[in-house]
Amino acid sequence: MIQSFQPPARTLLGPGPSDVAPSVSRALAAPTLGHLDPKLLGCMDELRGLLRPVFGTSHPATFLVSGTGTAGMEAVLANLIEPGEVVLVPVHGYFGARIAEIAARCGADVVRVDGEWGRASDPERARAALGGRQPKLVAVVHAETSTGVRQDLAPWSALAREHGALFVTDTVTSLGCIPIGVDAHHIDGAWSCTQKGLSCASGMSPVTFSPRAVERMRARSRKVQSFYLDLGLLLEYWDGAHVYHHTISSNLIYGVHEALRLIHEEGLEARFARTALVSRAACAGFEALGLELLVPATERLPQLLAVRVPEGVDDVRVRTRLLQQFDLEIGGGLGALKGKLWRVGLMGHGATRRNVLFLLATLRTCLEGEGFRPKGDGAAAADAVFGGR
Ligand SMILES: *Cc1c(COP(=O)(O)O)cnc(C)c1O
């Protein structure tokens, strides 16, 4: 007989998914409802009310796209780009490149401006690269998970406004970890995911569209190529008429509802402060061990720390040992940074003192096993940031 699958109890400190809170796991396992059940629709309405403040918006068109973060990215780009339009995309990591790829598939004339992986992009270089062309859309990654870089949104928003372009941003790793400020930054479209800062299972993509973006979509000269991601059809389901479009996962809705409820219970500011504190402690710990961080402190994301793999240490061997002996997952590098980087996620439910001390202690053991001599006591240095006791 085949046994029921029993996943091991891991601690997930990679770039996502993050650890799911017990009450979210319970919510996910609640009885399934039909996608038009009035009780489910009520839960969805409440969920939207909980989601808006986390995005920092009052946009009515704030909801969930079925699918992971990439589905949200594709939804925003597919609805807001028409073939032949100029789209400006600064790329300083893996996910910026994904935006450029999807925009190109939407038929855009993509102005891709490549910058160094590990630093933020420079708006002045992007302005020069436009060479007088008028972009219809500017798309930037707020939290570049491949490198741990935080991109300041204000100058990009200003650049978009100067050209009368829509401004959209990837907030897949920022939602629930750091402030986004959709309204403050005049963001016309943003997408995220449920398995990083929200600490739910993956499978939904929170999105928000400004009224201006919804108008732009309605004024398109041709239909959105994707039926599944058509914003007009999705809004007919989520808003008043509740017309069937696809069978949304009620269980994921409950999970996201509970994950958002937990954020509000803790308080948005308190959650951001917790994330920042836990991250400062982790950085102090890495530095005490003698490890280097890829990104300078001024551009560093608290929720995703990119640590350089020291000379002579085997990336895969360390991560395999962490996983197999300590049930602890961290991420490796992507693209050119493969084998050179560890990516540590301190997101949502997983951003705790316990997890940071556990990681620093187990990582030290693995580093010593590789013949690396730690400079000092990482766990003690991290603990000191929390005030010792
Ligand atoms: C994780 C991630 C994505 C992709 O999300 P999926 O849920 O894996 O589809 C996109 N952008 C960024 C910045 C991410 O970190």
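Residues numbered from 1 in each chain as written. Predicted model: local features only at pLDDT ≥ 70, side-chain atom pairs only at ≥ 80, totals over all residues. Heavy atoms only, no water.

### Section: the site of the ligand
Note the cut-off: Summary of the distance rule: residues count as near a molecule or strand when at least one heavy atom falls within 4 Å of that molecule or strand. Polar contacts here mean pairs of N or O atoms no more than 3.5 Å apart (in protein, one a potential hydrogen donor and the other a potential acceptor; neighbouring residues in sequence count only if both atoms are side-chain atoms). For accessible areas, the Shrake-Rupley method is used with a probe of radius 1.4 Å. Any residue's cover is judged against the shown protein chains and nothing else. Secondary structure follows DSSP: runs of H or I at least 4 residues long count as helices, runs of E at least 2 residues long count as strands, and numbering of each begins at the N terminus. Lys, Arg, Asp and Glu make up the charged group, whereas Ala, Val, Leu, Ile, Met, Phe, Trp, Tyr, Cys and Pro make up the nonpolar group; the residues left over, Gly among them, are polar.
Around the ligand, the neighbouring residues are Thr68, Gly69, Thr70, Met73, Phe95, Ala143, Thr145, Asp170, Val172, Thr173, Gln195 and Lys196. Between the ligand and the protein, one listed contact pairs an oxygen atom with a side-chain N or O atom of Gln195 at 2.8 Å. In the model, an oxygen atom of the ligand is placed 2.6 Å from a nitrogen or oxygen of the Lys196 side chain. The fraction of the free accessible surface of the ligand (380 Å²) that becomes covered by protein chains is 89%. By residue number, the principal contributor to the shell around the ligand is helix α3 (residues 69-80), which donates 3 residues. Class assignment for the residues of the shell around the ligand results in 4 nonpolar, 6 polar and 2 charged.

### Structural notes on the environment of Ala384
Mapped onto the fold, Ala384 is located in helix α13 (residues 378-385). For the pair formed by Ala384 and Ala284, sequence separation is 100 residues and the distance between their alpha carbons is 8.9 Å.

### Some details on helix α11 (residues 315-326)
As a reminder, the rule being used: One fewer than the residue count of a helix, multiplied by 1.5 Å, yields its expected span. In this scheme, a residue with accessible area under 20% of its type's maximum is buried, one over 50% is exposed, and one in between is partly exposed, where area comes from a 1.4 Å probe on protein chains only. Each C-beta atom gives one direction from the helix axis, and the arc is the one those directions make.
Its 12 residues place the ends of α11 16 Å apart at the C-alpha level, agreeing with the 16 Å of an ideal helix rising 1.5 Å per residue. Inspection of α11 places Asp315, Val318 and Leu322 among the buried residues, and these make up the whole buried set. The buried residues of α11 all sit within an arc of 80° when viewed along its axis, so they share a single face. Among the exposed residues of α11, those oriented more than 90 degrees off its buried face are Arg317 and Gln324.

### Thoughts on the sheet that holds strand β10 (residues 204-209)
Test applied: Strand pairing is defined by DSSP finding a minimum of two bridges between the two strands. Interaxial angles span 0 to 180 degrees and are taken between N-to-C directions of axes, which are lines fitted to C-alpha atoms, for helices over the stretch in contact.
In spatial order, the strands read β2-β10-β9-β8-β5-β3-β4; together these 7 strands make up an open sheet with mixed pairing. Two strands lie at the open edges of the sheet, namely β2 (61-66) and β4 (109-114), each paired on one side alone. Across the sheet, the mean angle from the axis of one strand to that of its neighbour is 20°, orientation sign disregarded. When strand β8 (residues 166-170) meets strand β9 (residues 189-191), the two strands line up parallel, connected through 3 bridges. Within the sheet, the bridge partner assigned to Val168 lies in β9 and is Gly189.

### Let's talk about the layout of surface pockets
Rules: Here a cavity is any set of points on a 1 Å grid over the protein atoms alone where a 1.4 Å probe fits but cannot get out, and a pocket is any open set with protein on both sides within 12 Å along at least 5 of 7 lines; a residue lines the site when it has an atom within 4 Å of a point. Grid points are joined across faces, edges and corners, and a volume is the space filled by probe spheres set on the points.
Looking at the largest pocket, its volume works out to about 230 Å³. Along the walls of the largest pocket sit Glu74, Ala78, Ile81, Pro83, Arg105, Cys106, Arg220, Arg222, Lys223, Gln225, Ser226 and Leu229, which together make up its complete lining. The class makeup of the residues in the lining of the largest pocket is 5 nonpolar, 2 polar and 5 charged.

### Regarding the pattern of salt bridges
How we decide: Basic side-chain nitrogens of Lys or Arg form a salt bridge, by our definition, when they fall within 4 Å of a carboxyl oxygen of Asp or Glu.
Counted under the stated rule, the structure contains 17 salt bridges. The closest approach of N and O atoms between Arg261 and Glu265, which form a salt bridge, is 3.0 Å. Taken together, the residues span about one helical turn, with Arg261 and Glu265 both in helix α9 (residues 250-266) at a distance of 4 residues. For Glu265, a relative accessible area of 56% puts it in the exposed group. Where Arg308 meets Glu292, a salt bridge forms, and the shortest distance between an N and an O atom there is 3.6 Å. Here Arg308 is found in strand β11 (residues 304-308), whereas its partner Glu292 is found in the loop between α10 (268-289) and β11, with 16 residues between them in sequence. Taken together, the salt bridges that share partners define one network made up of Glu124, Arg127 and Glu162.

### As for the side chain of Thr169
Rules: In this analysis, two residues are considered to be in contact whenever any of their non-hydrogen atoms come within 4.5 Å of each other.
With respect to the secondary-structure elements, Thr169 resides in strand β8. Owing to a relative accessible area of 0%, Thr169 belongs among the buried residues under this scheme. If we ignore the near neighbours within four places in the chain, the residues touching Thr169 are Val140, Val141, His142, Leu153, Ile187, Gly189, Ala190 and Trp191.

### Some details on the packing of aromatic side chains
Keep this limit in mind: Geometry of aromatic contacts follows a simple scheme: Phe, Tyr and Trp rings, the Trp one being its six-membered ring, pair when their centres are within 6.5 Å, and the pair is stacked under 30 degrees between planes, edge-to-face over 60, tilted otherwise.
The tally for this structure, following the rule as stated, stands at 4 aromatic pairs. Taking 5.0 Å as the distance between ring centres and 80° as the angle between the ring planes, the aromatic pair formed by Tyr94 and Phe95 counts as edge-to-face. Under the relative-accessibility criterion, Tyr94 is labelled partly exposed at 32%. Ring geometry for Tyr237 versus Trp238: centroids 6.4 Å apart, planes at 75°, classification edge-to-face. Like Tyr237, the residue Trp238 is buried in the burial classification. Members of the aromatic cluster, joined through ring pairs, are Phe63, Phe209, Tyr237 and Trp238.

### Points about the pairing of β4
For the record, the criterion: A right-handed crossover is one whose linking path, passing over the helix from the first strand to the second, runs clockwise when the strands point away from the viewer.
In this structure, strand β3 (residues 86-91) lies alongside β4, joined through 6 bridges in parallel fashion. Residue pairing in the sheet places Val87 in a bridge with Val110 of β4. For the crossover from β3 across helix α4 (residues 94-105) to β4, the handedness is right-handed.

### Section: the domain arrangement of the protein
This is how it is decided: The domain boundaries here were taken from an automatic or database domain assignment. Buried area: the accessible surface (1.4 Å probe) lost by two parts on joining, summed over both.
Along its sequence, the protein is carved into domain 1 (21-265) and domain 2 (267-386). Computed over C-alpha atoms, the centres of domain 1 and domain 2 are 28 Å apart. Between domain 1 and domain 2, the contact holds 30 residues from the first and 23 residues from the second. With both sides pooled, the region where domain 1 packs onto domain 2 buries about 2200 Å², and carbon together with sulfur makes up 63% of that total. The shortest N-O distance in the salt bridge between Glu299 and Arg119 comes to 2.9 Å. Run the count over domain 1 and domain 2 and you get 11 residue pairs in polar contact (both at pLDDT 80 or more). If you list the elements that add at least two residues to the side of domain 1 that touches domain 2, you get α2 (38-55), β6 (143-144), β7 (149-150) and α9.

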